[in-house]
Amino acid sequence: MARKALIHQVEARERRGRWFGALASLLSISLLMSGWVALFMFLGTNSAYGSFEQIKDDWVPDTSAMPLNLPDPSRVSRIYASSGEWLADLHDGRNSEPIPYEQIPEVMVHAILAAEDSDFFEHEGIDFSAIFSAAIDNILYDVTRGGSTITQQVVKNVFVGDEISIRRKINEAFVAAELERRFPKERILEYYMNSVYFGSGAYGVKTAAEEFFDKPLEDLEIHEAAALAVQVRNPSLYNPRVRPEITLDRRNQVIDEMADEGWITEAEAERAKKKPLGVVDTPIRRGPAEHVVAEVKKQLLYSDEFSFLGSTFEERKKAIFGCPADDSECEGGGGLQVYTTIDLRLQGMANEVLNDWLPLLPYEENLAACAALFPDFEEKEAYYRTYAETHSCRPTGAISMVDNFTGAVMVMASGLPFEFNQFDLAIQGRRNTGSAAKPFGLVAALENGFTMGHHFPASSPMDLECPYPCGPDGSNIWRVRGGSSGGAISLEAATYASTNVVFAQLSLAVGPDKIVDVARRMGITEADLEPVPSIVLGSSSVSTLEMASAYSNFATNGLHADDYIIDRIIDHNGNTVYEHRPETTQVSDPAIFAVARKALEKVPTIGTGTRANIGRPAGGKTGTHQSYLDAWYVGFTPEFSTAVWVGYEAEQIPLRNVTIKGTRYSQVFGGTVPAPIWADFMSRVMEGLPVTEFPPDPPNVSDYLVPPPATVPVVVGLEEGAALQALGAAGLRGDAVQIPSLEPAGRVVSQSAEPGSQVRQGSVITIYVSTGETPTAQVPNLIGMSFEQALNLVKDLETQTGVKISLFQQSVEVEDLSQVGLIVSTTPNPGTAVTGSTTITVYVGRAP
């Protein structure tokens, strides 16, 4: 009784708003209670006074001219991973998933009928006794009971509206009768049960079962179906999460009605009434790849690829998300099944690796990290306390992976959970790539006449002159650091050793515009690439996804497929309305990518990325921002290309003095943290897969490997450093040998190759550099040599020792004719020590 009193108290507040509607119902009943015959007799009587046609026009709708089509209900769309795993539901507040009548369980049908219209299958759209009884109960006895049939409710919601007037009630009655004439009962009930609102954004019985009981519709029990049916009449009043007692009592009334109608037994009813409501809290359906879902929604709404969904934003939005919950006139839309390319198993691996290396700290620890990171923390502590709720104060990362041959995005993992920060570091987080951009310059160079055998001077720092202001001070001088010793270095070695000064020279020689063009053709399509010389050193900001896509070219010999994440779309009728068909473009000469790959394969073996070595065919490139703001490793196997970025997500903060996975780093380089992260992830990806090889080399590979010719410069008389620099400028390598000489210390006294001679770039030219000490040597044994042979030997001895030796030839008669033309003795004798400058007399035999 106490519960019934509580119900009456709450419903009393509703009564004041109902009495006029009930009165309107009674007035309409005065016309309808005697049935259709009485109504038309009434109209006929009045026709005697010339009013029939006017009354008919005013009160009786011409239902024969009405289209009376039941609307297409809005539907929820869904996003799936490549193997069919659920990722997200898409709707605009109207969570609806219509199903055929045949799929609605009988217990749910009976519960709805018991709550709303138990005579539904008997009446013809209007239940006169129910209308009269409900009106009397509403006004006189304060009992809440609906008078409209389910068909009338459909008519009110769809065709005539809910205006409180006699005219509307009469229209509703006529239209309800006509609707039942045109449609089977099951079709009307199907529409009703799929479109009625249950509260909490759930429209229709299927989504209501999931919302309130977190279970499939077919698994509902009697007490659960009855509880849902209660909510139809007034979802706010009978909200089981807010007013459970009222809902429970009304549920039990519905269960009794189900028993009275014979739909369940009395025993079943008693057992059902003893059960609690069992309503769950609002289910939080958080998908396993929410950053992916955000990107999919963005592409569906804005990409030209999906213009078939609508020519305007609003049309697309409706096609994807269905109707807004607050738009009662909207119909249709939604119901799409969007399948992505994401491999959820690999996506999970990427998340695990990122969490293992760069975990998100608990709030208090994150706040402490903010205090250590920001010098003004004490001054702005309140700000940073809020900041730490949504921003990480320790380094984080991102991983993207694509299929090399299709462009399918298989992994797109952001190091921060979506609920913590919605910014997607994998695709929105564009950062400076550092030296990971050098391969774009490499390809541009190979397209423009350079070969991997080209050699460049590599001293550091190097001042380079630009044709326009390019220095930080506004001058035309660009100072670049990051070189090597030993004079010139080959383009191949500069690639795997990541030699900045070589690629800086290359950028000026080729032109930044051509490097940008190559990057665009290779897959960097979204990033803003500024054509400045430093682009080859990573001055532009790019996402991990674009970098992975671009590097796939090295695994395919330049046969590029654009990256994509939406594979196919199926509408609610099961028709495939979109299916991505990968198209490939040959970016450049396949041999260019084959020879570039050979250099990049050395990065994880002998280059800057040895921590990325996974023991199977792979290549890649490290990247480090010059101020250590970002660190990269982008690598590829024959199957996949993967990019790893590490940095601070919200601020451009140097990666200095940080502890990552138990190791303290004074500076983070691409080879120290991103490279092992790449190896960790790719080792998991490749586990169990057969070892495969890269495509075979095209026949013209050698065209891009042969060193070009070089002219040996004159370096004798130069200081050692100047001589090495001159050799490097000529594309030659210098090997300095220190020898005693009367020349000043440090001066080149001789060279191994004749000035002006032609050799291959990269050839080693030995230079002999004076130590400033008095040279000493022993007289060589010249006996048995010709004078010309002796000259050559002495010349070599001079080069090696620095002693200046002159040969004086004198002939002597010899009895042994075999000695004619050969040296038979010397003065001084062989083995005699000489210093500085000396003359050796050689005696050459002549015939008597």
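The rules behind the values
Residue numbers run consecutively from 1 along every chain, following the written order of its sequence. A pLDDT threshold of at least 70 governs which residues receive local features in this predicted model, and a stricter bar of 80 or more applies before side-chain atom pairs are shown or counted, although totals over entire chains, interfaces and linings include all residues. Only hydrogens and water are removed before side-chain values are computed, so all heavy atoms of the structure are retained for them. Each helix is a run of DSSP H or I of at least 4 residues and each strand a run of E of at least 2, with the numbering of both proceeding from the N terminus. Exposure categories follow from relative accessible area, calculated using a 1.4 Å probe and restricted to protein chains: below 20% of the type maximum is buried, above 50% is exposed, and the middle band is partly exposed. Only heavy atoms enter the contact rule, under which two residues are in contact if any of them lie within 4.5 Å. Each accessible area is a Shrake-Rupley result for a 1.4 Å probe, and residues are judged covered by the shown protein chains and nothing else. Only Phe, Tyr and Trp rings take part, Trp by its six-membered ring, and two of them pair if their centres are within 6.5 Å. Stacked means planes under 30 degrees apart, edge-to-face means over 60, and tilted covers everything else. In our convention, an over-ring charge means Lys NZ or Arg CZ found within 6 Å of a ring centre and within 35 degrees of that ring's normal. A helix is expected to span 1.5 Å for every residue after the first. Two strands are counted as paired when DSSP detects at least two bridges linking them. Here an axis means a line fitted to C-alpha atoms, over the contact stretch when the element is a helix, while the angle between two N-to-C directions is reported on a 0 to 180 degree scale. The criterion is simple. A nonpolar core is a set of buried Ala, Val, Leu, Ile, Met, Phe, Trp, Tyr and Cys residues joined through side-chain atoms within 4.5 Å. Patch rule: a residue counts if its relative accessible area is over 30% and it has no salt bridge; like charges are joined within 9 Å, and nonpolar side chains (Val, Leu, Ile, Met, Phe, Trp, Tyr) within 5 Å. Basic side-chain nitrogens of Lys or Arg form a salt bridge, by our definition, when they fall within 4 Å of a carboxyl oxygen of Asp or Glu. Charged-residue counts in this description rest on Lys and Arg as positive and Asp and Glu as negative, His and the chain ends being excluded. Note on charges: their place is set at NZ of Lys, CZ of Arg, CG of Asp or CD of Glu. Note on terminology: disulfide denotes any pair of cysteine sulfur atoms within 2.5 Å. The score called pLDDT rates the predictor's confidence residue by residue, from a low of 0 to a high of 100.

**A closer look at the overall build of the chain**
Phase 1: Regarding its fold elements, the chain presents 28 helices and 33 strands.
Phase 2: Burial status across the chain gives 52% buried among its 848 residues.
Phase 3: Look at the contacts in the chain between residues 6 or more apart in sequence, and 70% of them connect residues 24 or more apart.
Phase 4: With the model as given, the accessible surface of the chain reaches about 37500 Å², and the carbon-plus-sulfur share is 50%.

**Considering the packing of aromatic side chains**
Phase 1: Applying the stated criterion to the full structure yields 20 aromatic pairs.
Phase 2: Seen from their ring centres, Phe-450 and Phe-456 are 5.8 Å apart, and the 25° between their planes marks the pair as stacked.
Phase 3: A relative accessible area of 15% places Phe-450 in the buried class.
Phase 4: On the basis of relative accessibility, which here comes to 8%, the residue Phe-456 falls in the buried class.
Phase 5: By way of ring pairs, the aromatic residues Phe-374, Phe-377, Tyr-383, Tyr-384 and Tyr-387 are connected into one cluster.
Phase 6: Above the face of the Phe-120 ring, Lys-185 is positioned so that its terminal group lies 4.5 Å from the ring centre.
Phase 7: The ring of Tyr-339 has Arg-568 sitting right over it, with the charged end atom 4.0 Å from the ring centre.

**Here's the deal with helix H28 (residues 787–801)**
Phase 1: The end-to-end C-alpha separation of H28 is 21 Å, in line with the 21 Å expected for 15 residues at 1.5 Å each.
Phase 2: Backbone geometry just downstream of H28 places Gly-802 in the positive-phi region, at approximately 85°.

**Some words on the sheet that holds strand S31 (residues 823–827)**
Phase 1: Read from one edge of the open sheet, three strands run S30-S33-S31, paired in mixed fashion. The open sheet is flanked by strand S30 (804–813) and S31, the only strands paired with a single partner. On average, each strand axis in the sheet is inclined to that of its neighbour by 25°, with strand direction left out of account.
Phase 2: Sheet topology note: the S30/strand S33 (residues 837–846) ladder contains ten bridges and is parallel. By the bridge assignment for S33, Gln-809 is matched with Val-842.

**A short note on helix H10 (residues 205–213)**
It helps to recall that an α-helix has 3.6 residues per turn; residues three or four apart then point in one direction.
Phase 1: With seven of its nine residues buried, H10 lies for the most part within the structure.
Phase 2: Listed as buried for H10 are Val-205, Thr-207, Ala-208, Ala-209, Glu-211, Phe-212 and Phe-213.
Phase 3: Contacts made by the buried residues of H10 are with strand S3 (95–96), helix H5 (106–116), helix H9 (185–195), strand S4 (197–199), strand S5 (202–203) and helix H11 (222–233).

**As for unusual backbone geometry**
Phase 1: Along the chain, Ser-460 connects to Pro-461 via a cis peptide bond; the corresponding omega equals 0°.
Phase 2: Mapping Pro-461 onto the fold places it in the loop between strand S10 (455–457) and strand S11 (462–465).
Phase 3: The amide bond that connects Thr-827 to the next residue, Pro-828, takes the cis arrangement and shows omega of -5°.
Phase 4: Examined against the element boundaries, Pro-828 turns out to sit in the loop between S31 and strand S32 (833–835).
Phase 5: The residue Tyr-628 is not glycine, and still its phi comes out positive at about 60°.

**Regarding the pairing of strand S2 (residues 86–90)**
Phase 1: Relative to S2, strand S1 (residues 77–80) runs antiparallel, the two sharing four bridges. Bridge assignment links Arg-78 to a residue of S2, and that residue is Asp-89.
Phase 2: Turn length for the S1-S2 hairpin, with the two strands adjacent in sequence and antiparallel, is five residues, and the turn residue Gly-84 shows positive phi of about 95°.

**Observations regarding the nonpolar core**
Phase 1: Of all hydrophobic cores here, the largest spans 143 residues; its most connected members are Met-547 and Phe-681.
Phase 2: Discounting residues that sit within four places of it in the chain, Met-547 has contacts with Thr-433, Ala-436, Phe-440, Ile-524, Val-542, Trp-632, Val-634 and Ala-643.
Phase 3: Counting residues in each nonpolar core, the second largest holds 58 residues, with Ile-188, Val-196, Phe-198 and Phe-213 among its members.

**A look at the side chain of Thr-341**
Phase 1: By the element assignment, Thr-341 lies in the loop between strand S6 (337–340) and helix H16 (344–357).
Phase 2: Excluding residues that lie within four positions of it along the chain, Thr-341 makes contacts with Ser-82, Ala-408, Val-409, Met-410, Tyr-564, Ile-565 and Asp-567.

**Observations regarding a negative patch on the surface**
Phase 1: On the surface, Asp-119, Glu-122, Asp-260, Glu-261 and Glu-266 cluster together into a patch of negative charge.
Phase 2: The residue Glu-122 is located in the loop between H5 and helix H6 (128–141) in this model.

**With respect to the state of the cysteines**
Here, disulfide denotes a covalent bond that connects the sulfur atoms of two cysteines.
Phase 1: Tallied over the full model, the rule gives three disulfides.
Phase 2: Disulfide pairing places Cys-323 opposite Cys-330 at an S-S distance of 2.0 Å. With the S-S dihedral at roughly -75°, the linkage between Cys-323 and Cys-330 falls on the left-handed side. The burial state of Cys-323 is the same as that of Cys-330; both residues are buried.
Phase 3: Here Cys-370 pairs with Cys-393 through a disulfide, and the sulfurs are 1.8 Å apart. Its S-S torsion of about 80° marks the bond between Cys-370 and Cys-393 as right-handed, since a negative value means left-handed. Note that Cys-370 is positioned in helix H17 (residues 363–373) and Cys-393 in the loop between helix H18 (381–390) and strand S7 (396–403), a separation of 23 residues in sequence. Of the two residues, Cys-370 and Cys-393, neither departs from the other in class, the shared state being buried.
Phase 4: Disulfides within the chain link the bonded cysteines, taken in sequence order, as 1-2, 3-4, 5-6.

**Quick word on the environment of Val-480**
Phase 1: With respect to the helices and strands, the residue Val-480 is situated in strand S12 (residues 477–480).
Phase 2: Under the relative-accessibility criterion, Val-480 is labelled buried at 3%.
Phase 3: On a C-alpha basis, the gap between Val-480 and Met-462 in space is 5.3 Å, while along the polypeptide they are 18 residues apart.
Phase 4: With near-sequence residues (within four places) excluded, Val-480 lies in contact with Ser-460, Pro-461, Met-462, Leu-464, Asn-500, Val-501, Ala-504 and Leu-537.

**A few points about the sheet that holds strand S19 (residues 619–624)**
Phase 1: Across the sheet, which stays open at both edges, the five strands sit in the order S8-S7-S21-S20-S19 with antiparallel pairing between neighbours. Each of the sheet's edge strands pairs with one partner strand only, and the pair in question is strand S8 (409–414) and S19. Between one strand axis and the next, the sheet turns by 10° as a mean value, whatever way the strands run.
Phase 2: Both S19 and strand S20 (residues 630–636) contribute to a ladder of six bridges, which runs antiparallel. The residue bridging Gly-623 from the neighbouring strand is Trp-632, located in S20.
Phase 3: This element, helix H26 (residues 674–686), spans S7, S8, S20 and strand S21 (640–647) of the sheet and lies at about 145° to S21.

**Side note on the confidence of the model for the chain**
Phase 1: On average, residues of the chain score 89 in pLDDT, and 90% of them are at 70 or above.
Phase 2: Below a pLDDT of 50 lies the segment residues 1–53, which in the model reaches 64 contacts outside its immediate sequence neighbourhood of four places, other chains included.

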